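A look at the structure
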Amino acid sequence: KTRDSRRISDLMVVQTILEQYYASNNGYPGSVPFGLNWSPYSRLVPNDPDSSKAYCYNYSSPNYTLCAGLEMGTGTPGACSATAYNYCLTNPF
């Protein structure tokens, strides 16, 4: 439950970073460097708290989908093709 809460929070952080990027560049990036410095938008783009899992970012102009695999319950499947991803966020417009 704690890891799932962190996953949801992490995706919200990455979504904020993506919106800041969009405001500066009039578009979303083709990829997101999870676990790495992405200056000036963030000192660190978060990784999944379970090192055997990873977050997914799928960009298809003009939209993106950002996904995580929750351990408890079900989420909303999205554009990340693996069934392990059951919680997703998309760009707000």
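In this report, we go over the structure that sits alongside the text.

Calculation rules
Position numbers for residues start from 1 in each chain and track the written sequence from start to end. Since the coordinates come from a predicted model, pLDDT governs what is reported: local features require at least 70, and pairs of side-chain atoms require 80 or more to be given and counted, while whole-chain, interface and lining totals use all residues. With hydrogens and water excluded, all non-hydrogen atoms of the structure serve as input to the side-chain values. Aromatic rings from Phe, Tyr and Trp, with only the six-membered ring used for Trp, were paired whenever their centres fell within 6.5 Å, and each pair was classed as stacked if the ring planes differed by under 30 degrees, edge-to-face if by over 60, and tilted otherwise. By the criteria applied, helices consist of DSSP H or I runs no shorter than four residues and strands consist of E runs no shorter than two, each listed in order from the N terminus. The rule is simple: take the accessible area with a 1.4 Å probe, protein chains only, and divide by the maximum for that residue type; under 20% is buried, over 50% is exposed, in between is partly exposed. Under this definition, polar contacts are N or O atom pairs within 3.5 Å; protein pairs additionally need one hydrogen-donor-capable and one acceptor-capable atom, and for neighbouring residues in sequence, both atoms have to be side-chain atoms. Every residue pair with non-hydrogen atoms within 4.5 Å of one another is taken to be in contact. The rule for a disulfide is simple: a pair of cysteine sulfur atoms within 2.5 Å. Salt bridge, as used here, is a side-chain nitrogen of Lys or Arg placed within 4 Å of a carboxyl oxygen of Asp or Glu.

1. Looking at the packing of aromatic side chains
- Tallied over the entire structure, the rule returns 7 aromatic pairs.
- Ring centres of Tyr21 and Trp38 lie 5.3 Å apart, and the angle between their planes is 15 degrees; on these two criteria the pair is classed as stacked. Residue Tyr21 is found in helix 1 (residues 2-25), and its partner Trp38 is found in the loop between helix 1 and strand 1 (56-60); the two are separated by 17 residues along the sequence. Neither residue differs from the other here; Tyr21 and Trp38 are each classed as buried.
- Each residue in the set Tyr22, Tyr28, Tyr57 and Tyr64 is aromatic and connected to the rest through ring pairs, giving one cluster.

2. Structural notes on the side chain of Asp48
- Structurally, Asp48 is set in the loop between helix 1 and strand 1.
- According to the relative accessible area criterion, Asp48 is buried, its value standing at 7%.
- Of note is the side chain of Asp48, whose polar atom sits 2.8 Å from the side chain of Arg7.
- Looking at Asp48, its side chain comes within polar contact range of the main-chain nitrogen of Asp50, at 2.8 Å.
- If near-sequence neighbours (up to four positions away) are discounted, Asp48 is found in contact with Arg7, Lys53, Ala54 and Tyr55.

3. Section: the state of the cysteines
- Here the structure, examined in full by the defined rule, presents 1 disulfide.
- Here Cys67 is linked by a disulfide to Cys88, with a sulfur-sulfur distance of 2.2 Å. Taking the sign of the S-S torsion, about 110 degrees here, the bridge from Cys67 to Cys88 comes out right-handed. With a gap of 21 residues between them, Cys67 in strand 2 (residues 63-68) and Cys88 in strand 3 (residues 87-90) connect regions that are remote in the sequence.

4. Considerations on the pattern of salt bridges
- In this structure the tally under the stated criterion is 5 salt bridges.
- For Arg7, the salt bridge is made with Asp4, and the minimal N-O distance between the two is 2.9 Å. One end of the pair is Arg7 and the other is Asp4, both in helix 1 and 3 residues apart, which spans about a single turn. When sorted by exposure, Arg7 lands in the same class as Asp4, which is buried.

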